[in-house]
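Here is what each chain is made of, one letter per residue.
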Amino acid sequence: AGEGRIYTGYDMAMGTSQMLTCMEERLSTLDKAANLICYGQEINPFTFGIAKADMLIRGGDPDNMQFGDTLSDDKFKDMTFDFVISNPPFGIDWKREAAKVEAEHKLGNGGRFAPGLPQKSDGQMLFLMNGIAKLKDTGRMAIIQNGSSLFTGDAGSGPSEIRRYIIENDWLDAIVQLPNDSFYNTGISTYVWLLTKDKPVEHREHVLLIDASDCYDVRQRNIGNKRVDIKKSARDLIVKAYGEYRDATYEAISEDGRKMICKSKLLPSLE
């Protein structure tokens, strides 16, 4: 989008900031002249320290790495970003942050949590709304969620109203189901939600569902609950399914010689 363009990237639950680092490396492979300025917030003091030190070592601005609770103490108030990428905690309650979150909810569109609030036992949809609030009008977000963000809550409940808000604004572009056992600390089903406030014309009023649960290589040695890796052949298959944005079934051979199947289903979002 122009030689030497400067982009901004944000991770609201950055841990040691390695997802931001990977995004920076990926952007560089796509456009050598592009620059990404990274910002992140983290509540764990140990991992925050690593992220800040890493930013300093790589020559960035360590002040862009902020310590604090994203839900109750937003360190990037009134800032928006080109890219948001995050793997926030799920299944973690937000009782500690409840007073400030509920006060911000009452601000309506003046706050991050206008459409509704999820159950206090799981705050992941609060991170989802925070990410949307942090997107530029041309921004894109990839955020990992578990299944509760898809299914929890009857019509009219907080989670249902959050989903309706996202879909009626036509910001949800695709949802990718990842293979089970992809993460160190959980073996449950996880999903990448891809959102943008500037959908391509050919994607508008639709959502693509991608079942990539079969796209993996089995690890020779487990690390905690992580028993599979998503290697290049699997990634390429998922990216192809998203890029074609249609009903289809795709096949490829994993790097360990297993046949992988990836299925995509295109649904109208506003019916």
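Before reading on, note that the structure itself is shown above.
Quick notes on the rules
Residues numbered from 1 in each chain as written. Predicted model: local features only at pLDDT ≥ 70, side-chain atom pairs only at ≥ 80, totals over all residues. Heavy atoms only, no water. Helix = DSSP H or I, 4+ residues; strand = E, 2+ residues; numbered from the N terminus. Buried < 20%, exposed > 50% of the residue type's maximum accessible area, 1.4 Å probe, protein only. Contact = heavy atoms within 4.5 Å. Areas by Shrake-Rupley, 256 points an atom, 1.4 Å probe, with all protein chains shown as cover. Lys, Arg positive; Asp, Glu negative; His and termini not counted. Charge placed at Lys NZ, Arg CZ, Asp CG, Glu CD. Core = buried A, V, L, I, M, F, W, Y, C linked by side-chain atoms within 4.5 Å. Pairing = 2+ DSSP bridges. Axes fitted to C-alpha atoms, helices over the stretch in contact; angles between N-to-C directions. Salt bridge = Lys/Arg side-chain N within 4 Å of Asp/Glu carboxyl O. Parallel < 35°, antiparallel > 145°, perpendicular 65-115°, else oblique. Left-handed = near helix turned anticlockwise from the far one by under 90°.

*Asks:* So what about the overall build of the chain? Which residues, and what values?
*Replies:* Helix and strand counts for the chain stand at seven helices and 12 strands. Each of the 271 residues in the chain was classed as buried or not, and the buried ones make up 46%. The long-range fraction of contacts in the chain, counting pairs at least 24 apart against all pairs at least 6 apart in sequence, stands at 69%. Accessible surface, the chain as shown: approximately 13,600 Å² in total, 52% of it carbon and sulfur. Here the chain holds 34 positive side-chain charges and 40 negative ones, and the gap between their average locations is 2 Å.

*Asks:* Requested: an account of the nonpolar core, with residues and values cited.
*Replies:* In terms of nonpolar packing, the biggest core is built from 30 residues, with Leu126, Leu128, Met141, Ile166, Trp193 and Leu195 touching the most fellow members. Per-element tally for this core: the top contributor is helix H4 (residues 124-133), with six residues. Once you skip the residues sitting within four places of it in the chain, Leu128 turns out to touch Met141, Ile143, Gln145, Ile166, Trp193 and Leu195. The next biggest cluster of nonpolar side chains, apart from the first, holds 22 residues, and it includes Ala174, Val176, Val192 and Ala212.

*Asks:* Which residues make up unusual backbone geometry, and what values do they have?
*Replies:* Located in the positive-phi region is Ser17, a residue other than glycine, with phi close to 75°. Tracing the sequence through the fold places Ser17 in the loop between strand S1 (6-11) and helix H1 (18-30). Classification of Ser17 by relative accessible area gives buried; the value is 1%.

*Asks:* So what about the sheet that holds strand S12 (residues 259-268)? Which residues, and what values?
*Replies:* The strands making up a sheet associate through backbone hydrogen bonding, with each pair oriented either parallel or antiparallel. One open sheet holds the 10 strands; their spatial order is S3-S2-S1-S4-S5-S7-S6-S8-S12-S11, and the pairing between them is mixed. Looking at which strands have only one partner, the edges of the open sheet turn out to be strand S3 (65-67) and strand S11 (248-253). Direction aside, neighbouring strands of the sheet carry axes that sit 15° apart on average. Both S11 and S12 contribute to a ladder of six bridges, which runs antiparallel. Of the residues in S12, the one forming a bridge with Tyr250 is Cys262. Packed on one face of the sheet, helix H2 (residues 45-57) meets strand S2 (35-42) and S3 and runs near 160° to S3.

*Asks:* Account for the pattern of salt bridges, with residues named and values stated.
*Replies:* For the structure shown, the criterion picks out 21 salt bridges. Two residues, Glu161 and Arg164, come together in a salt bridge whose shortest N-O distance is 2.8 Å. Of this pair, Glu161 and Arg164 are both found in helix H6 (residues 158-168), three residues apart, which corresponds to roughly one turn of the helix. Among the ionic pairs, Lys226 bridges to Asp229, the shortest N-O distance being 3.3 Å. When sorted by exposure, Lys226 lands in the same class as Asp229, which is buried.

*Asks:* A description of the packing of H4 against H6 should follow, citing residues and the corresponding values.
*Replies:* Where H4 meets H6, the closest approach of the two axes is 11 Å, and the angle between their N-to-C directions is 25°. Classified by the angle their axes make, H4 and H6 are roughly parallel. When the axes of H4 and H6 are compared, the crossing they make is left-handed. On H6, the residues that touch Met125, Leu128, Met129 and Ile132 of H4 are Pro159, Ile162, Arg163 and Ile166.

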